[in-house]
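# Structural features, examined
Chain by chain, the residues run as shown.
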Amino acid sequence: MKMLNEITIKNMKKNRKRSIVTILGISLSVALICAVTTFVSSFQTSMVNRVKAKEGDYHMTISSVTNEQLQYLKENVQVEKIGISQTIGYAKTEELKNEDKPYLSIEALDEMDIQSKGITLTQGRLPQNDQEIVIPEHTLQNGEAKWKVGDTLTLPVGERTIEGENLNQHNPYLDGKDDDSLETFTAKETKTYQIVGIMERPSFENYSAPGYTAITKWEKPLAGKTTSVTLSLKKPKEVYSFVKDIEKNLGILGENIDTHDSLLAQEGIFKSDRTNETIAVLALIVIAIIIFTSAFVIRNSFTISLTEKTRELGMLASIGATAKQIRNSILWEGVILGVISVPLGFFLGILAIGIVLMIVNSIIQGGGTPLVDHFDLTLVVSWQAIAVSAILSAIMIFISSLRPAIRASKIAPIDAIRENKDINIKNRKKLKTSQWLGRIFGVEGEIASKNFKRSKRKYRTTIFSIFLSIILFISMNSVVDNVFGFSSLEFQDRKYNLTVNLYEKTEEYAQQLTEQAKQTEGVKQVALEKRKSVIIDPSKYYTPEAIEQKGISLKNYGEQSNTVGENLQIVSLGNDVYQSYLKEVGISVEEAKGKAVLYDTNIYYQQEEGKDGSKRVSYEILNLEKGDTMTYETTATGEQDQAVTTGKKEITIAGRADKPPMGALYSGYNIAVLIVSDQMMKELGDYTLSKMIIECDNTAKVKEELYKIDTGLKEDIFDYDEQNQSEQSMVLIISIFLYGFIAVISVIGVTNVFNTITTNMALRNREFAILKSIGMTQKEFRKMIHFESLLYGTKALVFGLPIGVLLSYGIYKVTTNIYETPYRFPWGPIAISIVFVFAIIFITMRYSMKKTEGLNTIDTIRQENN
Amino acid sequence: MDILKVENLTKTYGKKPNEVIALNDVSFSIPKGQFVAIVGASGSGKSTLLHLMGGVDRPSKGKVWIEGSDIYQLNHDALAIFRRRQVGLIYQFYNLIPILTVKENITLPTRLDGKKVDESYLKELLYILGLEDRINHLPNELSGGQQQRVSIGRAMMNRPAIILADEPTGNLDSKSSREIIDLLKLSNQKYHQTLVVITHDENIALEADRIITIQDGKIVKDEMNG
Ligand SMILES: Nc1ncnc2c1ncn2[C@@H]1O[C@H](COP(=O)(O)OP(=O)(O)OP(=O)(O)O)[C@@H](O)[C@H]1O
Ligand SMILES: [Mg+2]
């Protein structure tokens, strides 16, 4: 027993290459699980922290809470923490100059509530008693107040009413202008506060609120003031059922309960069961694929040396080792392998993610203002996942290492020694390599393909590892694609960031502006959008879905009717943008000449029986395809201010585009757009200048340049960067996450393939040496190896692609539960797989070939095992 | 004319304290058509010498000339082509390609050379080697002697100028041994091939034109026969 263990260790040392490969294989598999889970949990934690910092750390707020209700909530076992606040009232002061926001809204918060609501001080300190107050910094900015820390404010505090009804922060200021009625402010008391700090605008203050939130300390219950609480549950999962419970048990009105949905969503809890289910199934698929892959990576790393191992065991058996002894020695080997490789795998996986996060962080934080606010990626290791992967690896190592023992015990020792089981002779007769193979690749090709057929196991192992990498890549891409498709609906990945309204401007003026914009540094693209509105007959050109969605009654249409029809937009964007758009959507200039490109992807929300939440369904409005011609009418305003048609014309569709043109926000609006060239727009005539659309690095700079031409532009410019910073940050975060995920998966896949191929090649050194010793030249040898590479790649792709596509379709099916688009065939990932598979195989084979080329022929032949 | 010349050939293994001198400054030459037997105790360096002569090993020192060219000066490919055309090597431990059948193994050097297989010669070889009913078997289905015969066939298939055989009859009964030696000799006479055979069998050594005796990596005796 002892002796056998020693032999095992000696053997492992002697067959260093094989041991290293096995260790690497196990480590890779552990690293895969470790990297993926660490990556996900790091991202999730950072997102949760971001939301907590920005929007507060609580699960729900409840307003207008009575004393009994408060008592009940305080004593509830489900509640983890509860923060109490009371509204002191509105204070009117001349200091505030903002017409829509003339009040301070004074709130008293207890310590827990201050913490939960994520109050961020920019100056001073938090209030320590009910005489002290913290004011938000925007009182000083758009409120233009002259307050500073240390000032004492004496304020009339009271309530806002209209027709006897109390108003709160959700009711904007009613100033009596326009058709609004005028609200009344009634002072009830006079209060004196000392300003002790200045804070960021609290996220719970909505933009249309009439009062700036000021915060003082809540010390004791105040009679006659409404009380609100923020609370967190011990188990976030129970939030939505908890809400139902308190509605029922405490009689709290649903409208007074506000769940913190964005935080809960980051923690993986969604209001809609449908979303919950979908995400659970998607996560399950991802986990299943990853576990399956890593299990097989381990199995594979053992299989590659199965033949040698079996032979070794046969040898041991032939000199009289019992089956039990052999089994024990193998388990011993498994223990050694596991002890080395599992921690190594953890280390590698966490290290890899650590590096990725560091890079991402330096990108986000680099250069002064962070690209994404409040987003600090820290490494969070999920220990549960690590424990699971350790156990899984142990089981896989156990099973895989017993395989050669079982094999060896089933056959006679001499058969094991002679590798009888591993060289397949059954199809000896059929082995007539086809003629063309012989002709193209000669004997080398023939040897390669015979090797391929007769020494199946090793080939299968290699092919299997490539195959796994392919399906891993394609299916994960599909997860990413679907998640991205899903999220890009919420966060349009808009490419442009500045628009300038040009209605009622002259064409020369527009041209001048465009030139100026183009010359500004950091400007990438400028489009000058022209529009033409035309009328079409929906009974002819609308899809049934569109007719249903838009609620069009077809009775109104047809020859006899005088209803004009539905509106359709034709736009042109300037030559440069038009050309690059054509390229982007894959339509050639010739194809598009004299025709229009159709962008027509629209979304509606569908409620389904028995399911909560709605499902996004995408549909098309026009029933036109490439080559179809459509008749439209143009209208003019007639004498009695009604639309009159000015004639019929025709337009032909050059093709459908799957991406919106620059400047389009159409997908939300449910309209179809035809994109034409500038020249064609001119030919169509009667268009209007719409706007200039700019994609640039720095909107401030461009604006500055444009103001030089016309300071009056201030009213017409819309700066998306300013407006949508957080939205853009989200897109950035999601992209980083998804591409990072794919990168991790790809690296692991490539390493696995590399590992398997180099081992396979190393194990065949002896065979190669014999071939060389009987006179195979380097060139012929390379030819043989290249041919083998071709066989590997083709075979792996033939099996991998269809299964990858199948899986991707399955994943798509799962996501259609909450979000429906037509299935996008993964052409991109397939193309990438094909190129990469061959590239990696060829590079790896070349690499291992280089290594064998340096070896001494006879030494290699003599070393039976290496 | 000498077809093969060995000059100060030395082969050592390992580093200084544990250094093994397998071959120690050996020089001799063999004229074309000669049948040479190399004899010596086990571990004396015979196989090492043969491998060096066949260009499948690298000497630590010294040179090997075949038909006037210094084979260790040739580049990889030239050496490989040289091997398959000029040298037939029969290994002590066969070294067949496990995935190829008997016929495929034997014809491999010819086919690597891009030449057509001489079917009648192949048939004749297979007949003499007693392998005609084993054509489509894989090496691991053969007995040791049969494998040895396949490796002999492989070495002879290209009718090389030199045949280097490392104990070609080590696993054969006396009748089969006889036949193999006759085949080698016939080939030696018919095609004027040079034949170098390592053997422990005195009877075979006595049939050679010349016997070289090796001891501890050195030639201790080099004598012509009869
Ligand atoms: N790779 C190697 N490393 C170290 N020593 C080696 C190596 N190969 C051979 N030797 C040593 O070189 C010496 C000569 O070996 P060689 O194989 O030439 O002997 P041989 O005369 O053919 O013996 P046999 O008749 O048993 O086949 C031996 O002592 C052997 O131990
Ligand atoms: Mg020997």
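Calculation rules
- Residues numbered from 1 in each chain as written.
- Chains lettered and ligands numbered in written order.
- Predicted model: local features only at pLDDT ≥ 70, side-chain atom pairs only at ≥ 80, totals over all residues.
- Heavy atoms only, no water.
- Helix = DSSP H or I, 4+ residues; strand = E, 2+ residues; numbered from the N terminus.
- Near = heavy atom within 4 Å.
- Polar contact = N/O pair within 3.5 Å; in protein donor to acceptor, adjacent residues only side chain to side chain.
- Nonpolar A, V, L, I, M, F, W, Y, C, P; charged D, E, K, R; others polar.
- Salt bridge = Lys/Arg side-chain N within 4 Å of Asp/Glu carboxyl O.
- Buried < 20%, exposed > 50% of the residue type's maximum accessible area, 1.4 Å probe, protein only.
- Contact = heavy atoms within 4.5 Å.
- Buried area = accessible area lost by both parts, 1.4 Å probe.
- Pairing = 2+ DSSP bridges.
- Axes fitted to C-alpha atoms, helices over the stretch in contact; angles between N-to-C directions.
- pLDDT = per-residue confidence, 0-100.
- Phe/Tyr/Trp six-rings, centres within 6.5 Å; stacked < 30°, edge-to-face > 60°.
- Lys NZ or Arg CZ within 6 Å of the ring centre and 35° of its normal.
- Parallel < 35°, antiparallel > 145°, perpendicular 65-115°, else oblique.
- Left-handed = near helix turned anticlockwise from the far one by under 90°.
- Patch = residues over 30% accessible without salt bridge, like charges linked within 9 Å, V, L, I, M, F, W, Y side chains within 5 Å.
- Areas by Shrake-Rupley, 256 points an atom, 1.4 Å probe, with all protein chains shown as cover.

### A closer look at unusual backbone geometry
Within the chain, Asn 8 of chain B stands out as a residue other than glycine whose phi angle is a positive 45°. As for its position among the elements, Asn 8 of chain B is in strand 1 (residues 2-13).

### A few points about the site of ligand 1
Residues in contact with ligand 1 amount to 14 residues; listed here are only the nearest, Ser 42, Gly 43, Lys 46, Ser 47 and Thr 48 of chain B. More than one chain approaches ligand 1, the contributing ones being chains A and B. Contacts to ligand 1 include Gly 43 of chain B, whose backbone N or O atom sits 2.8 Å from an oxygen atom. For ligand 1, an oxygen atom lies 2.5 Å from a polar atom in the side chain of Thr 48 of chain B. Broken down by element, the shell around ligand 1 gets its largest block of residues, three residues, from helix 1 (residues 46-53) of chain B. Grouping the constituent residues of the shell around ligand 1 by class yields three nonpolar, eight polar and three charged.

### Comments concerning the pattern of salt bridges
All names here are of chain A. One pass over the full model with this rule turns up 30 salt bridges over all chains. Its salt-bridge partner being Glu 183, residue Arg 160 comes within 2.8 Å of it at the nearest N-O pair. Remark: Glu 183 occurs in the loop between strand 7 (165-166) and strand 8 (184-199) and Arg 160 occurs in strand 6 (residues 152-162); sequence separation between them is 23 residues. Judged by its relative accessible area of 0%, Arg 160 is buried. With a shortest N-O distance of 3.6 Å, Asp 576 and Lys 518 are connected by a salt bridge. You can see Asp 576 sitting in helix 17 (residues 575-585) and its partner Lys 518 sitting in helix 14 (residues 507-519), a full 58 residues away along the chain. Each member of the salt-bridge network shares a partner with another, and the members are Asp 600, Glu 620, Glu 625 and Arg 656.

### As for the interface of chain A and chain B
Tallying the contact residues gives 34 residues for chain A and 34 residues for chain B. Together, the buried faces of chain A and chain B total about 3,000 Å²; carbon and sulfur atoms form 56% of this surface. Here chain A and chain B share one salt bridge between them. Two residues, Glu 780 of chain A and Arg 84 of chain B, come together in a salt bridge whose shortest N-O distance is 2.6 Å. Run the count over chain A and chain B and you get five residue pairs in polar contact (both at pLDDT 80 or more). Elements with a contribution of two residues or more to the side of chain A that touches chain B: helix 12 (435-454), helix 23 (765-773), helix 24 (778-815) and helix 26 (857-862) of chain A. For the side of chain A that touches chain B, the class distribution of residues is 10 nonpolar, 10 polar and 14 charged.

### Details of the sheet that holds strand 10 (residues 218-224) of chain B
All names here are of chain B. Read across the open sheet, the six strands follow the order 6-7-8-3-9-10; overall the sheet is mixed. Sheet topology places strand 6 (87-90) and strand 10 at the edges, where each strand pairs with a single neighbour. When strand polarity is set aside, the average angle formed by the axes of neighbouring strands in this sheet is 15°. In the sheet, strand 3 (residues 35-40) pairs with strand 9 (residues 210-215) via five bridges, with the strands oriented parallel. Each bridged residue has a counterpart across the sheet, and for Val 39 the counterpart in strand 9 is Thr 213. In the packing of helix 2 (residues 76-86) onto the sheet, contacts are made with strand 6 and strand 7 (162-166), and the angle to strand 6 comes to roughly 80°. Seen against the sheet, helix 6 (residues 174-190) touches strand 3, strand 7 and strand 8 (194-198) and runs at an angle of roughly 155° to strand 8.

### Quick look at the confidence of the model for chain B
Per-residue pLDDT for chain B averages 88, and the proportion of residues at 70 or more is 100%. Looking across chain B, the model is least confident in helix 2 of chain B, with a mean pLDDT of 80, and most confident in strand 9 of chain B, with 95.

### Let's talk about the packing of aromatic side chains
All names here are of chain A. Scanning all chains against the criterion turns up 10 aromatic pairs over all chains. The interplanar angle of 75° and the centroid separation of 4.9 Å between the aromatic rings of Phe 768 and Phe 781 together place this pair among those described as edge-to-face. One end of the pair, Phe 768, is in helix 23; the other, Phe 781, is in helix 24, with 13 residues separating them in the sequence. By way of ring pairs, the aromatic residues Tyr 90, Tyr 103, Tyr 173 and Phe 185 are connected into one cluster. Seen from the ring of Tyr 212, Lys 101 lies directly overhead, with NZ or CZ sitting 5.0 Å from the centre.

### A few points about the packing of helix 4 (residues 119-129) of chain B against helix 5 (residues 144-156) of chain B
All names here are of chain B. One can describe the packing of helix 4 onto helix 5 by two numbers: an axis separation of 10 Å at closest approach and a directional angle of 150°. One finds that helix 4 runs roughly antiparallel with respect to helix 5. Remark: the crossing between helix 4 and helix 5 carries right-handed chirality. Together, Tyr 121, Leu 125 and Leu 129 of helix 4 and Arg 149, Ile 152, Gly 153 and Met 156 of helix 5 make up the contact between the two elements.

### Comments concerning the environment of Thr 169 of chain B
Residue and element names in this part refer to chain B. Of note, Thr 169 is situated in the loop between strand 7 and helix 6. Among the residues examined, Thr 169 registers a relative accessible area of 9% and is labelled buried. Sequence separation between Thr 169 and Gln 92 is 77 residues, and the spatial gap between their C-alpha atoms is 9.3 Å. In contact with Thr 169, not counting residues within four places along its chain, are Gln 148, Ser 177, Ile 180, Ile 181 and Ile 204.

### As for a nonpolar patch on the surface
Residues Leu 344, Phe 347, Leu 348, Leu 351, Ile 355, Ile 359 and Ile 363 of chain A make up a contiguous nonpolar surface patch of roughly 610 Å² in combined accessible area. Mapped onto the elements of the fold, Ile 355 of chain A is located in helix 9 (residues 323-365).

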